[in-house]
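Each chain, written out:
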Amino acid sequence: MTDDKESRFIAAAKAALDRSAQQLDELTIARLRAARSKALEARPRRLAWLAVGGLATAALTATLVAFLLFAPAVAPPVSGLEQVDLLSDNDGLELYRDLEFYRWLAEHADAA
Amino acid sequence: MPTADTGAPADSLQATHAAQHTREESLESRETLERFLAGIERRAFRMAQFATGNRDEALDIVQDAMLALARLYSKRQPDEWGPLFHRILQSRIHDWYRRRRTQHRWLAWLGKDDDNDEDPLAALPDPDARRPEEQLGNTRAGVALETALGALPLRQQQAFLLRTWEGLDVAATAAAMGCSEGSVKTHYSRAVHTLRELLEDHWP
């Protein structure tokens, strides 16, 4: 049968080709291995960058949360050292209590 | 704030797990691609060598094909790599032949004009072709096959190797060669006929 002969020929050719591929010299095998390594290094690294981005986002979130937790709840409404002094001693408080009187006195003193 | 209190470590842990998962996935895909390339590189090299008749040219072609597959298609499913790789490889071999044809034309123009084929890609024999008829009588079958393959026109050589050695069907071979299925059948049939004639003494 022609088909049988052709099948045997194809099988024999394939076996011979397989042998030829297995019998490559060491230098060729080494260069193929080097080419393979180079190709593997050339793969796109999109996933790695995504991971780095995820870690950076997590670190930023942690920093923000820590700031919100440990930062002072109310900042002192200080606009100057004189105001601090005024509010911290008793003389200053008495001055505020009698502020209307001192204003009246100042107006009349100017008029006089 | 209980949610804020536990949110940061949870986010961090999640990101670490995601990064670890990504790294593992990347390593796994690298290993899968390496296995694929290791499994196909020798046959690819031999195919390119049959086509070019030159080891260095063949190695360059295989390296180009590997790089292109890794850069462009490494994210595809592994079962797609085989057809894609063969498409790239055959395309690179085709390109090599085109460049060689241009060189031949220039040489013919500068020297003698003895090559006037209409379709050199289909009919051009290997530029480094050996003479199989002279060697068949005293070489082993394997060497005779390689010699005969090297002397085949490129298209017949590609069709024979892809169908016989790689086991691609007609449609996949046509896709790899960038031609019609009818052309593949014709080239394959002619290749088998020629090879059987040339190798009759070894494989009757």
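The sections below set out a description of the structure shown in this document. (Residues numbered from 1 in each chain as written. Chains lettered and ligands numbered in written order. Predicted model: local features only at pLDDT ≥ 70, side-chain atom pairs only at ≥ 80, totals over all residues. Heavy atoms only, no water.)

**Focus on the overall build of chain A**
- Secondary structure assignment for chain A yields six helices and zero strands.
- Across chain A, helices and strands are ordered from the amino to the carboxyl terminus as α-α-α-α-α-α.
- Looking at chain A as a whole, 19% of its 112 residues qualify as buried.
- Of the accessible surface of chain A, which amounts to about 8,600 Å², a share of 61% is contributed by carbon and sulfur atoms. (Helix = DSSP H or I, 4+ residues; strand = E, 2+ residues; numbered from the N terminus. Buried < 20%, exposed > 50% of the residue type's maximum accessible area, 1.4 Å probe, protein only. Areas by Shrake-Rupley, 256 points an atom, 1.4 Å probe, with all protein chains shown as cover.)

**Structural notes on the nonpolar core**
- With 66 residues, the main nonpolar core has Leu69(B), Phe85(B), Leu89(B), Leu149(B), Phe160(B) and Trp203(B) as its most contacted residues.
- Apart from the residues within four sequence positions on either side, Leu89(B) is in contact with Ala44(B), Met47(B), Ile61(B), Val62(B) and Ala65(B). (Core = buried A, V, L, I, M, F, W, Y, C linked by side-chain atoms within 4.5 Å. Contact = heavy atoms within 4.5 Å.)

**Focus on the interface of chain B and chain A**
- If you look at the interface, chain B gives 48 residues, while chain A gives 41 residues.
- Both faces considered, chain B and chain A share a buried interface measuring about 4,200 Å² in area, 68% of it formed by carbon and sulfur atoms.
- Broken down residue by residue, the surface that chain B buries against chain A is led by Arg42(B), Trp165(B) and Arg196(B), which jointly contribute 16%.
- In this structure, the connection of chain B to chain A is made through six salt bridges. (Buried area = accessible area lost by both parts, 1.4 Å probe. Salt bridge = Lys/Arg side-chain N within 4 Å of Asp/Glu carboxyl O.)

**Let's talk about empty space enclosed by the protein**
Residues and elements named next belong to chain B.
- Counted according to the given criterion, the structure contains one cavity of 30 Å³ or more.
- A volume near 30 Å³ is recorded for the largest cavity.
- Lining the largest cavity are Met47, Ala51, Gln90, Ile93, Leu154, Gln157, Gln158 and Leu161.
- Where the lining of the largest cavity is concerned, the elements lending two or more residues are α1 (2-52), α3 (78-110) and α7 (154-165).
- Taken together, the residues of the lining of the largest cavity sort by class into five nonpolar, three polar and no charged. (1 Å grid on protein atoms, 1.4 Å probe; cavity = no way out; pocket = protein on both sides within 12 Å on 5 of 7 lines; lining within 4 Å. Points joined across faces, edges and corners; volume = space filled by probe spheres on them. Nonpolar A, V, L, I, M, F, W, Y, C, P; charged D, E, K, R; others polar.)

**A few points about the packing of aromatic side chains**
All names here are of chain B.
- Overall, the coordinates contain five aromatic pairs over all chains when judged by the stated rule.
- Where Trp96 meets Tyr97, the ring centres are 5.4 Å apart and the plane angle is 70°; that geometry is what we call edge-to-face.
- On the basis of relative accessibility, which here comes to 0%, the residue Tyr97 falls in the buried class.
- Here the aromatic rings of Phe160 and Tyr188 are separated by 6.3 Å at their centres, their planes lie at 20°, and the arrangement is stacked. One end of the pair, Phe160, is in helix α7; the other, Tyr188, is in helix α9 (residues 181-198), with 28 residues separating them in the sequence.
- A relative accessible area of 0% places Phe160 in the buried class.
- Aromatic rings pair up to connect Phe36, Trp81 and Phe85 into one cluster.
- If you follow Arg163 out to its NZ or CZ, it ends over the ring of Tyr188, 5.1 Å from the centre. (Phe/Tyr/Trp six-rings, centres within 6.5 Å; stacked < 30°, edge-to-face > 60°. Lys NZ or Arg CZ within 6 Å of the ring centre and 35° of its normal.)

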